[in-house]
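Here are the chains, one letter per residue:
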Amino acid sequence: QILLPVLAASNDPAVTNMILKLICESWLDHIYMNKIKFSRDGAIQLLLDFAHVKIWLGNCSIINQTMKKKLIKNEILQRCEGVGKLLLRRPGEPIRMTDKKTEKSTQENSDSEKTEIMPPEMYVPNQEQWLELRAVKKRGFLLPKLCCNEF
């Protein structure tokens, strides 16, 4: 709701793109600077929140179609999605260099039409620092060591 007047104020794609970038970077900075920890469910919710930005842009009536296409392809949205996906990873799990969806679609196309798209995680420059924001699973109870040798 807050973005509508801001987006309506400019028909310039560069300005609108910059506004989107500033908003998303502020969102990511807030998460990172406050060291917010994410459980698996929290990371899934964050991914859904990031995905909703694309949905909102697609449904926004004050943005023309050309601008919508440019905004939805913005690298910052890829980075947001990448952060969410990084928070879902297990420690040490490698990142695939190509996207599974892209591999399937390119296999159906001829060799001349193949294009490789990086997965969203590859748009995140400081991956190791983001991985530190995963919540640590707590396993079981800490029981005191019972040692009774004297009876």
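What you see is a predicted model, and the numbers here were worked out from it, not measured in a lab. Residue numbering note: each chain is counted from 1, following its sequence as written. For a predicted model such as this one, the threshold for reporting local features is a pLDDT of at least 70, and the threshold for listing and counting side-chain atom pairs is 80 or more; totals across whole chains, interfaces and linings nevertheless cover every residue. With hydrogens and water stripped out, all remaining heavy atoms of the structure feed into the side-chain values.

**Details of the confidence of the model for the protein**
For any part of a model where pLDDT is low, the fine detail of the predicted coordinates should not be relied upon.
Okay, so step 1: With 67% of its residues at a pLDDT of 70 or more, the protein has an overall mean of 77.
Okay, so step 2: For the protein, helix α6 (residues 100-108) is the element with the lowest average pLDDT, namely 51, and helix α5 (residues 75-87) is the one with the highest, namely 93.
Okay, so step 3: This stretch, residues 110-115, has a pLDDT under 50; its non-local contacts, to residues over four places away or in other chains, come to 3 contacts. In predicted models, pLDDT denotes the confidence assigned by the predictor to each residue on a 0 to 100 scale. Numbering of helices and strands runs from the N terminus, with a helix taken as a DSSP run of H or I at least four residues long and a strand as a DSSP run of E at least two residues long. Contacts are residue-level and defined by heavy atoms, with any inter-residue pair within 4.5 Å sufficient.

**Re the side chain of Arg134**
Okay, so step 1: One can find Arg134 in the segment after α7 (127-131).
Okay, so step 2: Under the scheme applied here, a residue whose accessible area is under 20% of the maximum for its type counts as buried, over 50% as exposed, and between as partly exposed, the area being computed with a 1.4 Å probe on protein chains only. With relative accessibility at 16%, the residue Arg134 sits in the buried group.
Okay, so step 3: Under this definition, polar contacts are N or O atom pairs within 3.5 Å; protein pairs additionally need one hydrogen-donor-capable and one acceptor-capable atom, and for neighbouring residues in sequence, both atoms have to be side-chain atoms. Among the polar contacts listed, one links the side chain of Arg134 to the backbone oxygen of Arg89, at a separation of 2.2 Å.

**Re the nonpolar core**
Okay, so step 1: In these notes, a set of buried Ala, Val, Leu, Ile, Met, Phe, Trp, Tyr and Cys residues joined through side-chain atoms within 4.5 Å is what counts as a nonpolar core. With 25 residues, the main nonpolar core has Leu20, Leu28, Ile31, Leu57, Leu77, Leu87 and Trp130 as its most contacted residues.
Okay, so step 2: Those elements giving two or more residues to this core turn out to be α2 (13-33), α3 (40-59), α4 (65-72), α5 and α7.
Okay, so step 3: In terms of residues, this core owes the most to one element, α5, which gives 6 residues.
Okay, so step 4: If we ignore the near neighbours within four places in the chain, the residues touching Leu20 are Val53, Leu57, Leu71, Asn74, Ile76 and Leu77.

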